[in-house]
Amino acid sequence: MKRIVLLCMITASAAVIGFSSLYMVREFTKVINLCNMGDMWSFLALNEASPYAEFAEVDEEDFTTPPVPVEGDLLVEVDGLPSTQSNYFSVFNVETPAGEEIEIKFLHDSEVYSTTVVTRSIPLTIQLQVWILLVLRTLIIAGLIIVGLWAFIKRPFSSPVRSLTLFCYTLAISMNVTSPAIADAYTSIRLPLAIFVAFGIIQSFYPAFWLKLQMLFPRRKKWYDGHILFINILFFAPALVFGFSYIVWHRDLDLQFTIVWTMQLTLGYLLLVLNHRKAETFIEKRQTKLVLFGSAPGILLVLVHRWIMVLSPVKYLNLSFITRMIMTNVLFLLMLMVPVSLAYALGKYKLLSVEARLKRGTRYLFVSLTLLLVFIGILYLFGNLVLRHLNVDSRTPTLILGLMLAFVFMPTQRKLHDRLEKHFYPERVRLKELLRNFLASNIVRTEISTFWKELENKLADGLAAERIYPVLRMLNKDSFAVEMEEPAPFDRRDQLVRSLETTEYPILFDELMASGKIVLSREQEEWFLARHSAILLPLSTKSGLVGFLVISTKTNGEDFTAEELEMLANFSAQTALVAENFELLNERLIKQKLEEQIKVARDIQKGLLPGEIPRRPGLEVEAMIRFCLEVAGDYYDVIPLDRYRTVLSIGDVAGKGVGPAMLMANLQASLRTTQAMGVSLRESCRQINRIVYENTPSELFITFFMVLIDVREGRIRYVNAGHNPPMLVSSAGDVTLLTEGGMLLGVSKDIEYVEGEVELARDDIVLMYTDGVCEAMNCFEEEFGERRLARLVVSNRRLPLTDLLHAILKEVESHHGSDQYDDDFTLLAARLNCQPDSIPED
């Protein structure tokens, strides 16, 4: 059953990724075509069933001479054709250039008038809004798919995770198929209607998955498990019934869908609020609060937008195109918070910090939009009332007023933001002022013990914390101590300290333990627990980590707020700067030296490479490797199996240093062991992947390719595990990319690989390479690229392999402008230099 579920989820992932990618490429072609064509930028309410199209907006610049239609007039003919939707787009299409004159007829006060339209390129304001919409939509869809896929890969057999993944997928599809800004006539990619119908029905399930998710998040409901079948039918039946009705009877069920969605989403948010109130731990409270705050604004606005389209579509479409685009862009901007909040809630890490940033961003957006609307209102009143009353036709006064308002926009925005903060968070403002004044008065203090004691008292009082512990680095040592006196079980080489060095934001101790992001020793864990630790606040300056503050839990038993965490984040840099002025903290400029480590890793890497390429009957094999300044992870090997068969392999280990070098050694040993056992390439790759996954940290993985060349059969078998696709270049110059295989090594434990098989003729070349070849950049940050490499190999395919590899090296160095690379540069090539079956037996 697990395998069936896994297969279904993988199929769903592939379908969603494929559809979304194709759909977004389709949308990009619309925008590109729209920006390159000429069109009339007066907007019409087009309808295929009617020969008349109402002018919703009129841009007088479209018309060279009078008469000019006004809003509400009806377009009767366009270039001699009735003004149906299809006729309109047959005249104004992607092939229409700017500057073309087109005759139209329109109906005004029951009289038909003729005029001429001159096509123009898309106005800058419309182009900007369209591109913003497209980018935002792409980010939302990509974010949702990535979060869903990441969650599924992380915990593929977890029911809550599957519900989260399917919610993300269906919501991503909904973001694809709803609110198209540009007509389908402008696309270069045509998709069958059946695809839109199928995915349109699938996207209707996202409210049901949202509701189901609340039954499982942050922990399963017992009463849900007792009636799971009935509840799931209740959740998903409406979408199934409505979808079936639409397919069979083609009924318009927008209102029914909207009612059901409203009920499901509302009930889902009510359950989420209930989950938040009944949460048993601070982490669960933060998870539910983050999801609530991150998803509610965007999803509820999507629901409001849908109700507007159902109940008042005419009124909505009567709004100007720019107004509708701005409204949609604001909605999509809020929807960006959904994948972010879901990702962090699932990871159980930095929950309060993300909540604080989302709140700050929402406040900033609210203040900016409010101020922008006020300024637009002022400009409108000034231009349409004051100037019109004074009979002033010039736009210069309006332009001057607009520039003045733009000049005061940012200062006004900051003041308004500060006022809102003082009104809603007075305690936070008071504590911030208290700490700022305290730090300013201690900028030249030299009594370190007094400083830390006073700081501890003020912070403890302001935050209602039990106690504050300053953990500081000892002078000229890698160890730490509390207030430079009591030794603490921390070292600069610890994972915790390294993490504190790379972040400026406070880390909550319970999130650190629950997420598993940082592994503590037993002694460190007991040290934190004994002090009722709640927050670790890093104190960092440009010279490095000075230390960190350990803030205990609150005396009232409550959790810290996102606003308090944000205040501490702003406060930490100032505290570190003051602390650095003390005599015992002046010499913190220790640089880590990696030369010896790099030398060891490089020696390991060189020792693993073949000292000499073995000569093989009927097969010419050559290799070349150029090392970068740092130790990277390129690897290749040539393994003779018998007289006729040879295994060639190439790989690239992620990362730099001794870790990747040791992983490379394991890879070589595993490969040679599996080949000595006589297993197939796909089984060999599967076993190597399992070994790599079980014996390496998650941040290390390998791109890998291996090929078995049988010169007697004239055939190659290969497996590509996420590596740059090698090229099979025929003697005629045809190029075939070798892509069959599977995922990278070390990403997931149980991966099945596919074995590709291709015939090999005389003088055919198999070229393998690492990403250091194609990703070598010139001064314009342009990569060398696979296409350039393929053309180079084809044009030089008759050269001896040694000369061919040197030709590639020369071209890459010419493109890069140097023989010093940012990554290792490896080439491995093989050529069949005889006819299959022509090699005699031993």
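Check the entry above for the structure.
Read on for an overview of the structure. Once a new chain begins, its residue numbering starts again from 1 and follows that chain's sequence as written. Given that the model is predicted, a residue must reach a pLDDT of at least 70 before its local features are reported, and side-chain atom pairs must reach 80 or more before they are shown or counted; all residues, however, enter totals for whole chains, interfaces and linings. Computation of side-chain values: all heavy atoms of the structure, hydrogens and water removed.

### Observations regarding unusual backbone geometry
In this model, proline 66 is joined to proline 67 through a cis peptide bond whose omega is 0°. Although it is not a glycine, aspartate 109 sits at a positive phi angle of roughly 50°. Positive phi values are uncommon outside glycine, yet serine 110 reaches one of about 70°. Helix and strand assignments follow DSSP, with helices taken as H or I runs no shorter than four residues and strands as E runs no shorter than two, numbered in order from the N terminus. Within the secondary structure, serine 110 is located in the loop between β5 (101–108) and β6 (111–118).

### Examining the pattern of salt bridges
Two side chains that carry opposite charge are able to pair once their charged atoms sit near each other. For this analysis, a salt bridge means a side-chain nitrogen from Lys or Arg found within 4 Å of a carboxyl oxygen belonging to Asp or Glu. The tally for this structure, following the rule as stated, stands at 34 salt bridges. Taking the shortest distance from any N to any O, the salt bridge between glutamate 620 and arginine 831 comes out at 3.2 Å. Remark: arginine 831 occurs in strand β23 (residues 825–832) and glutamate 620 occurs in strand β13 (residues 619–626); sequence separation between them is 211 residues. One network of salt bridges, in which partners are shared, links Arg26, Glu27, Lys30, Arg137 and Asp184.

### Regarding the sheet that holds β13
Here, any two strands with at least 2 DSSP bridges between them count as paired. Read from one edge to the other, the open sheet built from five strands follows the order β13-β23-β22-β18-β19, with strand pairing classed as antiparallel. Since the sheet does not close on itself, it has two edges, and those belong to β13 and β19 (735–737), each with one partner. Sheet twist, expressed as the mean angle between neighbouring strand axes with direction ignored, is 15°. Pairing of strand β22 (residues 765–769) with β23, which is carried by five bridges, proceeds in the antiparallel orientation. Residue pairing across strands places valine 766 opposite alanine 830, the latter belonging to β23. Here, residues are in contact when the closest pair of their heavy atoms is within 4.5 Å. Helix axes use the C-alpha atoms of the stretch in contact, all axes being lines fitted to C-alpha atoms, and the angles between their N-to-C directions lie in the range 0 to 180 degrees. Each of β13, β22 and β23 touches helix α27 (residues 801–816); the most contacted strand, β13, lies at about 25° to it.

### Examining the side chain of asparagine 689
Position of asparagine 689 among the secondary structure elements: in helix α24 (residues 681–695). The term polar contact refers here to a pair of N or O atoms within 3.5 Å; inside protein, the definition further demands a hydrogen-donor-capable atom paired with an acceptor-capable atom, and it admits residues adjacent in sequence only when both atoms are side-chain atoms. Within the local environment of asparagine 689, its side chain forms a polar contact with the backbone nitrogen of glycine 746, the two atoms lying 2.8 Å apart. The contacts of asparagine 689, once residues within four sequence positions are left out, are Leu744, Leu745, Gly746, Val747, Ser748, Lys749, Ile751 and Tyr753.

### Considerations on the packing of helix α12 (residues 321–335) against helix α13 (residues 337–347)
As a packed pair, α12 and α13 sit with axes 5 Å apart at the nearest point and diverge in direction by 5°. For the element pair α12 / α13, the angle class is roughly parallel. The residues of α13 that touch α12, namely those facing Leu333, Leu334 and Met335, are Met337, Val338 and Pro339. Per-class residue counts for the contact of α12 with α13 are six nonpolar, no polar and no charged. Roughly parallel here means an angle under 35 degrees, roughly antiparallel means over 145, roughly perpendicular means 65 to 115, and every remaining angle is called oblique. Three categories are distinguished: nonpolar for Ala, Val, Leu, Ile, Met, Phe, Trp, Tyr, Cys and Pro, charged for Asp, Glu, Lys and Arg, and polar for the others, with Gly belonging to the last.

### So, the layout of surface pockets
Buriedness for pockets is judged along seven lines, at least five of which must meet protein on both sides within 12 Å for an open set on the 1 Å grid over protein atoms alone, while cavities are sets there where a 1.4 Å probe fits but cannot get out, and lining residues have an atom within 4 Å of a point. Grid points are joined across faces, edges and corners, and a volume is the space filled by probe spheres set on the points. Approximately 1,300 Å³ is the volume attributed to the second largest pocket. As for the second largest pocket, its lining consists of 29 residues, of which Met743, Ser748, Lys749, Asp750 and Ile751 are closest to the centre. Every element with two or more residues in the lining of the second largest pocket is listed here: α1 (2–36), α3 (124–154) and α24. The biggest single contributor to the lining of the second largest pocket is α1, with seven residues.

### Observations concerning the sheet that holds strand β10 (residues 507–508)
With antiparallel pairing, six strands are arranged side by side in an open sheet as β9-β8-β7-β12-β11-β10. The sheet terminates laterally at β9 (486–491) and β10, the two strands that pair on one side only. Bridge analysis of β10 against strand β11 (residues 533–541) gives two bridges, and the strand direction is antiparallel. Considered in β11, the bridge of leucine 508 is made with isoleucine 535. The strands touched by helix α20 (residues 522–530) within the sheet are β7 (468–473), β8 (479–482), β9, β11 and β12 (544–552), with β9 carrying the most contacts at an inclination of about 130°.

### Side note on the packing of helix α9 (residues 254–277) against helix α10 (residues 282–311)
It is at 10 Å that the axes of α9 and α10 come closest, and there the two elements cross at 165°. Our classification of the angle between α9 and α10 gives roughly antiparallel. For α9 against α10, the interelement crossing comes out left-handed. Considering only residue class, the contact of α9 with α10 consists of 16 nonpolar, six polar and five charged. Crossing handedness is read from the near helix: turned anticlockwise from the far helix by less than a right angle, it gives a left-handed crossing, and turned clockwise, a right-handed one.

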